[in-house]
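One letter stands for each residue in the lines below.
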Amino acid sequence: DVQLQASGGGLVQTGGSLRLSCAAPGFTLDDYAIGWFRQAPGKEREGVSCFGGGDGSTYYADSVKGRFTISTDNAKNTVYLQMNNLKPEDTAVYYCAAGPYRVLPQTACSYTRAMDYWGKGTQVTVSS
């Protein structure tokens, strides 16, 4: 079965860094659009960073541009989200998800219903 599991969250001070991992055994990453999403208490789930469009094109939410980077290791079937210069407003549960590979990355990040596979999230807490 296709499964996605996010890990690597934790507690970090403002300005610190974390790298999240999304293990995807059973996936060939080139066959899917992949996205990182987050949900803070009392807030709607939002797309953070996604790739897709059939060519690995990427999209970043304005709030994380220049600070977060999405990458993949196809040999390990793993997707990463490197998060630098973290801010308290980054505090949320982070999820990874997958959908049809031709879905444009901006579409994947804007419409969570376009993504077919979800896993349990990982908590990121950034202290002031």
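Remember, predicted model here, so these are calculated numbers, not experimental data. (Residues numbered from 1 in each chain as written. Predicted model: local features only at pLDDT ≥ 70, side-chain atom pairs only at ≥ 80, totals over all residues. Heavy atoms only, no water.)

**Student:** Help me understand the overall build of the protein chain in this model?
**Tutor:** Counting its secondary structure elements, the protein chain contains one helix and 11 strands. Moving toward the C terminus, one meets the helices and strands of the protein chain in the order β-β-β-β-β-β-β-β-β-α-β-β. Overall size of the protein chain, expressed as C-alpha extent along the three principal axes, is 40 × 25 × 25 Å. Within the protein chain, the fraction of its 128 residues that count as buried is 41%. In the protein chain, of all internal contacts separated by at least 6 residues, the share reaching a separation of at least 24 is 63%. Working note: accessible area of the protein chain is about 6,600 Å², and carbon and sulfur atoms make up 44% of it. (Helix = DSSP H or I, 4+ residues; strand = E, 2+ residues; numbered from the N terminus. Buried < 20%, exposed > 50% of the residue type's maximum accessible area, 1.4 Å probe, protein only. Contact = heavy atoms within 4.5 Å. Areas by Shrake-Rupley, 256 points an atom, 1.4 Å probe, with all protein chains shown as cover.)

**Student:** Looking at this structure, how should I read the environment of Ser 63?
**Tutor:** With respect to the secondary-structure elements, Ser 63 resides in the loop between β6 (57–60) and β7 (68–73). Measuring from C-alpha to C-alpha, the distance between Ser 63 and Leu 86 comes to 11 Å, with 23 residues separating the pair along the chain.

**Student:** What is the right way to read unusual backbone geometry from this model?
**Tutor:** Glycine aside, negative phi is the norm for most residues, and most peptide bonds take the trans geometry. We note that Asn 77 has phi near 50°; this positive angle belongs to a residue other than glycine. Mapped onto the elements, Asn 77 comes out in the loop between β7 and β8 (78–83).

**Student:** Please clarify how the state of the cysteines should be interpreted in this entry.
**Tutor:** Note on terminology: disulfide describes a covalent bond linking the sulfur atoms of two cysteines. The full count for this structure, using the stated rule, is two disulfides. Between the sulfur atoms of Cys 50 and its disulfide partner Cys 109 the distance amounts to 2.2 Å. Between Cys 50 and Cys 109, the disulfide has an S-S torsion of 100° and is therefore right-handed. Here Cys 109 lies in helix α1 (residues 105–110) and Cys 50 lies in strand β5 (residues 46–52), a separation of 59 residues in the sequence. Sequential numbering of the bridged cysteines in the protein chain gives the disulfide pattern 1-3, 2-4. (Disulfide = S-S within 2.5 Å.)

**Student:** What's the story with the sheet that holds strand β1 (residues 5–7) in this structure? I'm lost.
**Tutor:** Within a beta sheet, neighbouring strands are joined by backbone hydrogen bonds and run either parallel or antiparallel to one another. If you walk across this open sheet you meet the four strands as β1-β3-β8-β7, and the pairing is antiparallel. The strands lining the two open edges of the sheet, one partner per strand, are β1 and β7. Sheet twist, expressed as the mean angle between neighbouring strand axes with direction ignored, is 20°. As defined by bridge partners, β1 adjoins strand β3 (residues 18–23) across three bridges and the pair is classed as antiparallel. Bridge pairing in β3 links Ser 7 to Ser 21. (Pairing = 2+ DSSP bridges. Axes fitted to C-alpha atoms, helices over the stretch in contact; angles between N-to-C directions.)

**Student:** Help me understand the nonpolar core, please; the structure alone is not making it clear to me.
**Tutor:** Note that soluble globular proteins tend to have their nonpolar side chains buried in a common cluster. Counting 29 residues, the largest nonpolar core has Trp 36, Phe 68, Val 79, Leu 81, Met 83 and Tyr 94 as the members making the most contacts within it. Of all the elements in the fold, those that place two or more residues in this core are β3, β4 (32–39), β5, β7, β8, β9 (92–100) and β11 (122–127). Here this core gets four residues from one element, more than from any other, and that element is β9. Residues Cys 50, Ala 97, Ala 108 and Cys 109 belong to the second largest nonpolar core, which totals eight residues. (Core = buried A, V, L, I, M, F, W, Y, C linked by side-chain atoms within 4.5 Å.)

**Student:** Could you clarify how one ought to interpret the environment of Val 124 in this entry?
**Tutor:** The residue Val 124 is located in strand β11 in this model. Each C-alpha atom, one on Val 124 and one on Lys 65, is 18 Å from the other, the two residues being 59 residues apart in sequence. When residues no more than four places from it in sequence are discounted, the contact partners of Val 124 are Gly 9, Gly 10, Leu 18, Leu 20, Met 83, Asp 90, Thr 91, Ala 92 and Tyr 94.

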